[in-house]
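# Structural features, examined
Chain residues, written in single-letter form:
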Amino acid sequence: MTPLKRAGISDPRLALAFSEVPREQFLAAELEALAHDPGHRIAREGRLLQPVEVLARMIEALDVKPGRRILELG
């Protein structure tokens, strides 16, 4: 089961967006394996990378329409 399905997210647009964004590129090399780990908030240079489930729930709650963009700052 994917992290999004575990979180109760079924929107195929979110699944597509999360599959296209290489989250590991936002992490230090030694943390890349944790990019999709549901239990981690990973600090890097004072920033947090939210778990996939948390970020997906926030985006779903925004009810974002096609063509719009979201900037999540950790």
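Report on the accompanying structure. Predicted model, so just to flag it, every value in this text is computed and none were measured.

The rules we used
Residues numbered from 1 in each chain as written. Predicted model: local features only at pLDDT ≥ 70, side-chain atom pairs only at ≥ 80, totals over all residues. Heavy atoms only, no water. Helix = DSSP H or I, 4+ residues; strand = E, 2+ residues; numbered from the N terminus. Buried < 20%, exposed > 50% of the residue type's maximum accessible area, 1.4 Å probe, protein only. Areas by Shrake-Rupley, 256 points an atom, 1.4 Å probe, with all protein chains shown as cover. Core = buried A, V, L, I, M, F, W, Y, C linked by side-chain atoms within 4.5 Å. Contact = heavy atoms within 4.5 Å. Salt bridge = Lys/Arg side-chain N within 4 Å of Asp/Glu carboxyl O. Arc of directions from axis to C-beta.

What follows is about the overall build of the protein. Looking only at helices and strands, the protein has three helices and two strands in total. Listed by position from the N terminus, the elements making up the protein come as α-α-β-β-α. Taking all 74 residues of the protein together, 26% fall into the buried category. Accessible area for the protein stands at about 5,600 Å²; split by element, carbon and sulfur atoms hold 55% of it.

Leu 4, Ala 7, Ile 9, Leu 14, Phe 18, Val 52, Leu 55, Ala 56 and Ile 59 together form the largest nonpolar core, which totals nine residues. Secondary structure elements with two or more residues in this core: helix H2 (12-20) and helix H3 (52-62). Excluding residues that lie within four positions of it along the chain, Leu 14 makes contacts with Leu 4, Ile 9, Ala 56, Ile 59 and Glu 60.

In this structure the tally under the stated criterion is two salt bridges. A salt bridge links Asp 11 to Arg 13; the nearest nitrogen and oxygen atoms lie 2.7 Å apart. A residue is classified by how much of its surface remains accessible, and Arg 13, at 47% relative accessible area, is partly exposed.

Looking only at H3, the buried set comprises Val 52, Glu 53, Leu 55, Ala 56 and Ile 59. Down the axis of H3, the smallest arc covering the buried residues is 165°, so these residues share one side. Where H3 is buried, its residues touch helix H1 (3-6) and H2. Phi for Asp 63, located one or two positions after H3, is positive at around 55°.

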